[in-house]
Amino acid sequence: MRPRLIALAAGSLATLVVAAGCGGSESTEPVATTEVTMVKSYRFDPKAVEIQAGQSVTWTNDDNFTHTVKVDDQEDHKVERGESVSIAFDTPGTYHYVCTLHSQDMSGEVVVK
Ligand SMILES: [Cu+2]
């Protein structure tokens, strides 16, 4: 098992990402949680989450396949079966994330208050 990957978004980078914007029209209301699970069959659950600035979101892979988490223009994080990745969000805004391996099916939003 590889060690868990912890990515801390630098303040300046997060600001840049917010400036880039994201005009997605998600129909799902964000859920107030810091935990997202990659459940079976290529899905993020919940897709959209809402957190407070300074908190981290942890994505855990409970699916039978490798997935990734890539937030906007930040680096891609590979998440093997049973592993997880935590990413800190220091700047308020709406961030879009995808699994770059299955971007058609797997995407979501992190709303930072
Ligand atoms: Cu995936």
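Our structure is the block above this text.
Below is a short write-up of the structure. Nothing here was measured: the structure is a model prediction, and the numbers come from that model.

## Quick word on the coordination of the copper ion
Within the protein, the atoms that donate to the copper ion are His67 (ND1), Cys99 (SG), His102 (ND1) and Met106 (SD), at distances of 1.9 to 2.7 Å. Coordination at the copper ion is tetrahedral, judged from the four donor atoms that bind it and the angles of 89 to 134° they form at the metal. For the copper ion, the donor residues sit on a single chain with the sequence spacing H-x31-C-x2-H-x3-M. Placement of His67 in strand β6 (residues 67-71) and of His102 in the loop between β9 (93-98) and β10 (107-112) is noted, with a sequence separation of 35 residues between them. His102 shares its class with His67; the two are buried.

## Topic: the packing of aromatic side chains
Evaluated as defined, the whole model comprises four aromatic pairs. Considering the side-chain rings of Tyr42 and Phe65, the 5.2 Å spacing of their centres and the 15° angle between planes classify their relative orientation as stacked. Highlighted residues: Tyr42 in the loop between β2 (35-39) and β3 (43-45) and Phe65 in the loop between β5 (56-61) and β6, separated in sequence by 23 residues. For Tyr42, a relative accessible area of 28% puts it in the partly exposed group. For Phe65, a relative accessible area of 38% gives the class partly exposed. Each ring, one from Phe89 and one from Tyr95, has its centre 5.0 Å from the other, and the planes form 65°; the classification is edge-to-face. Tyr95 shares its class with Phe89; the two are buried.

## Details of the nonpolar core
Ranked by size, the top nonpolar core spans 19 residues in total, and within it Phe44, Val57, Trp59, Val69, Val71, Phe89 and Val110 carry the most contacts. Going through the elements one at a time, β2, β4 (48-51), β5, β6, β8 (84-88), β9 and β10 are the ones with two or more residues in this core.

## Details of the pairing of β10
For β10, a buried count of six out of six residues is recorded, marking the element as mostly surrounded by other parts of the structure. Where β4 meets β10, four bridges bridge the pair, whose relative direction is parallel. Along β10, the bridge assignment pairs Ile51 with Val112. By the bridge criterion, six bridges tie β9 to β10 in an arrangement that is antiparallel. Note on β10: the bridge partner recorded for Tyr95 is Val110.

## Some thoughts on unusual backbone geometry
Here the bond from Asp45 into Pro46 is cis, since omega is -5°, no more than 30 degrees from zero. Mapped onto the secondary structure, Pro46 falls in the loop between β3 and β4. Non-glycine residue Ser41 carries a positive phi angle of around 70°. With relative accessibility at 52%, the residue Ser41 sits in the exposed group. Backbone geometry places Tyr42, a non-glycine residue, at a positive phi of 55°.

## Re the environment of Thr28
Within the secondary structure layout, Thr28 lies in the loop between α1 (11-20) and β2. Using a relative accessible area of 37% as the deciding quantity, one classes Thr28 as partly exposed. Each C-alpha atom, one on Thr28 and one on Gly108, is 9.4 Å from the other, the two residues being 80 residues apart in sequence. Those residues in contact with Thr28 that sit more than four places away from it in its chain are Lys47 and Ala48.

What counts, and where the lines are drawn
- Every chain's residues receive numbers from 1 upward, in the order its sequence appears when written.
- For a predicted model such as this one, the threshold for reporting local features is a pLDDT of at least 70, and the threshold for listing and counting side-chain atom pairs is 80 or more; totals across whole chains, interfaces and linings nevertheless cover every residue.
- Side-chain numbers come from the whole structure's heavy atoms, not from hydrogens or water.
- Note on donors: an N, O or S atom is included if it sits within 2.8 Å of the metal, or within 3.2 Å for Na, K and Ca, and water is never included, so sites can look incomplete.
- Sites are called tetrahedral only when four donors show all angles between 85 and 135 degrees, square planar or octahedral only when four or six donors show opposite pairs over 155 degrees and all other angles between 65 and 115, and irregular in any remaining case.
- The secondary structure listing takes helices from DSSP runs of H or I that are at least 4 residues long and strands from runs of E that are at least 2 residues long, numbered from the N terminus.
- Each residue gets one of three labels from its accessible area relative to the maximum for its type: buried under 20%, exposed over 50%, partly exposed in between, using a 1.4 Å probe on protein chains only.
- Classification of ring pairs uses Phe, Tyr and Trp, with its six-membered ring standing for Trp, and accepts pairs whose centres are within 6.5 Å; under 30 degrees between planes counts as stacked, over 60 as edge-to-face, and the remaining range as tilted.
- Nine residue types can take part in a nonpolar core, namely buried Ala, Val, Leu, Ile, Met, Phe, Trp, Tyr and Cys, and a core is a set of them joined through side-chain atoms within 4.5 Å.
- Here, a strand pair is defined by DSSP locating no fewer than two bridges between the strands.
- Throughout, a contact is declared for two residues whenever any of their heavy atoms are within 4.5 Å.

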